[in-house]
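For reference, the chains in residue letters:
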Amino acid sequence: MDPANAREALREVDLDIAEGADMVMVKPAMAYLDVVRAVRERFDVPVGAYNVSGEYAMVKAAARNGWIDEQRVTLEILTGIARAGASFILTYHAKDAARWLKGA
């Protein structure tokens, strides 16, 4: 699929649903928030977003180098993905995010 062609992504989602998909997944999440939003608005199925390992590694490396506040950036990324319309997010940050949100 051409990553610059959001219309092609929507056609693929339409085909997936026509073939019986109960939900769809957009990946990588951060680079395709516009596609997450477009799928959410156009189709009546749960929309997953996969916050892929490369996105996770960028945050971890920047935090390790002291360039960012890992907790703040991670929660902002996940909030942005949810705000774009993701029904669920698959992320390597899950354990940390759950701990931070719990307040532990």
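As the structure is a prediction and not an experimental result, all values here were calculated from the model.

Undergrad: So what's going on with helix 3 (residues 53-64)? Residues and values would help.
TA: With 12 residues, helix 3 extends 16 Å from end C-alpha to end C-alpha; this agrees with the ideal 16 Å at 1.5 Å per step. Among all positions of helix 3, only Glu55, Val59, Lys60 and Ala62 are buried. The arc enclosing the buried residues of helix 3, seen along the axis, measures out at 165°, which places them on a common side. Positive backbone phi, at 75°, marks Gly66, one or two positions downstream of helix 3.

Undergrad: Describe the packing of helix 1 (residues 6-18) against helix 2 (residues 33-42), and please don't skip the residues or the numbers.
TA: Across the interface, helix 1 lies against helix 2 with an axial gap of 10 Å and an inter-helix angle of 45°. What the angle tells us is that helix 1 and helix 2 run oblique. In the crossing of helix 1 with helix 2, the sense of the turn from one axis to the other is right-handed. Together, Ala6, Ala9, Leu10 and Val13 of helix 1 and Asp34, Val35, Ala38, Val39 and Arg42 of helix 2 make up the contact between the two elements. Residue composition of the contact of helix 1 with helix 2, by class: 7 nonpolar, no polar and 2 charged.

Each value, and the rule that gives it
Residues numbered from 1 in each chain as written. Predicted model: local features only at pLDDT ≥ 70, side-chain atom pairs only at ≥ 80, totals over all residues. Heavy atoms only, no water. Helix = DSSP H or I, 4+ residues; strand = E, 2+ residues; numbered from the N terminus. Expected span 1.5 Å × (residues − 1). Buried < 20%, exposed > 50% of the residue type's maximum accessible area, 1.4 Å probe, protein only. Arc of directions from axis to C-beta. Axes fitted to C-alpha atoms, helices over the stretch in contact; angles between N-to-C directions. Parallel < 35°, antiparallel > 145°, perpendicular 65-115°, else oblique. Left-handed = near helix turned anticlockwise from the far one by under 90°. Contact = heavy atoms within 4.5 Å. Nonpolar A, V, L, I, M, F, W, Y, C, P; charged D, E, K, R; others polar.

So far we have only geometry, and geometry alone does not tell us how the molecule works.
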